[in-house]
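Residue-level structure breakdown
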Amino acid sequence: MTVSAPGGLFDALGDPVRRYVLEFLAAGEQPAGGIVDAVRQRTPISQPGVSQHLKVLRDAGLVSVRADGNRRLYALDPQGLDAAQAWLARLADPMRQFAQPLDALATEVARGKRARRVTAAERPAEQRPGGDARSA
């Protein structure tokens, strides 16, 4: 079985500047200017360069943006983070996807065993294994 990563998600995470932006946004929603200032304190990068990183993160579904007047506010996108986490979880535990169907199978097997026990108990003694009509 091939597990495909959500589109562009891990490409977006491959850059240290973008990972830093995500760490910065973990504190909560931030204006674009605040993100630019924070990134520029760590690395020499232009404002358009930071904007390009934000676009990659948006396109990957890791951050969302909303307008507030003339400001743009960025925040982590829980759906994108959940997709990344789910993909990683499938890698860590590939059998997890079978857990629920196997639980259902175990339940059906147990039902079948119970049904056979009830049916066997209802048979007359002479028809039971090891049963003898004389001992009845």
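That block above? That's the structure.
In short, a report on the structure.

Basis of the calculations
Residues numbered from 1 in each chain as written. Predicted model: local features only at pLDDT ≥ 70, side-chain atom pairs only at ≥ 80, totals over all residues. Heavy atoms only, no water. Phe/Tyr/Trp six-rings, centres within 6.5 Å; stacked < 30°, edge-to-face > 60°. Helix = DSSP H or I, 4+ residues; strand = E, 2+ residues; numbered from the N terminus. Buried < 20%, exposed > 50% of the residue type's maximum accessible area, 1.4 Å probe, protein only. Pairing = 2+ DSSP bridges. Contact = heavy atoms within 4.5 Å. Polar contact = N/O pair within 3.5 Å; in protein donor to acceptor, adjacent residues only side chain to side chain. Arc of directions from axis to C-beta. Salt bridge = Lys/Arg side-chain N within 4 Å of Asp/Glu carboxyl O. Patch = residues over 30% accessible without salt bridge, like charges linked within 9 Å, V, L, I, M, F, W, Y side chains within 5 Å. Areas by Shrake-Rupley, 256 points an atom, 1.4 Å probe, with all protein chains shown as cover. Lys, Arg positive; Asp, Glu negative; His and termini not counted. Charge placed at Lys NZ, Arg CZ, Asp CG, Glu CD.

Quick word on the packing of aromatic side chains
Here the structure, examined in full by the defined rule, presents 2 aromatic pairs. Look at F10 and W87: their rings are 4.8 Å apart centre to centre, the planes differ by 45°, and that puts the pair in the tilted class. Of this pair, F10 sits in helix α1 (residues 9–13) while W87 sits in helix α5 (residues 78–92), and the two are 77 residues apart along the sequence. Classification of F10 by relative accessible area gives partly exposed; the value is 27%. Relative accessible area serves as the criterion here: at 14%, W87 is assigned to the buried category.

Here we look at the sheet that holds strand β3 (residues 71–76)
Hydrogen bonds between backbone groups are what pair the strands of a sheet, and the pairing can be parallel or antiparallel. The 3 strands lie next to each other as β1-β3-β2, forming an open sheet whose pairing is antiparallel. Since the sheet does not close on itself, it has two edges, and those belong to β1 (30–31) and β2 (63–68), each with one partner. In this structure, β2 lies alongside β3, joined through 6 bridges in antiparallel fashion. Each residue of the ladder has a partner; that of A67, found in β3, is R72.

Topic: the environment of R18
Assignment of secondary structure puts R18 in helix α2 (residues 16–25). Placed 35 residues apart in sequence, R18 and H53 show a C-alpha to C-alpha distance of 6.1 Å. Residues in contact with R18, not counting those within four places in the same chain, are D11, A12, H53, V56 and L57. Within the structure, R18 has its side chain in polar contact with the backbone oxygen of D11 (distance 3.5 Å).

Quick word on helix α3 (residues 32–42)
Buried within α3 are the following residues: I35, V36, A38 and V39. Along the axis of α3, the buried residues cluster in a sector spanning 165°; they form a single face. Buried residues belonging to α3 abut α2, β1, α4 (47–59) and β3.

Focus: the pattern of salt bridges
Under the counting rule described, the total for this entry stands at 3 salt bridges. E29 is the salt-bridge partner of R66, the closest N and O atoms lying 2.8 Å from each other. Pair noted here: R66 is in strand β2 and E29 is in the loop between α2 and β1, with a separation of 37 residues, a long-range link. Owing to a relative accessible area of 41%, R66 belongs among the partly exposed residues under this scheme. A relative accessible area of 38% means that E29 is categorised as partly exposed. Linking D59 and K55 is a salt bridge whose minimum nitrogen-to-oxygen distance equals 2.7 Å.

What to know about a positive patch on the surface
Together, K113, R114, R116 and R117 make up a region of like positive charge exposed at the surface. Note on placement: K113 falls in helix α6 (residues 99–122). Look at K113 and you get partly exposed, because its relative accessible area is 45%.

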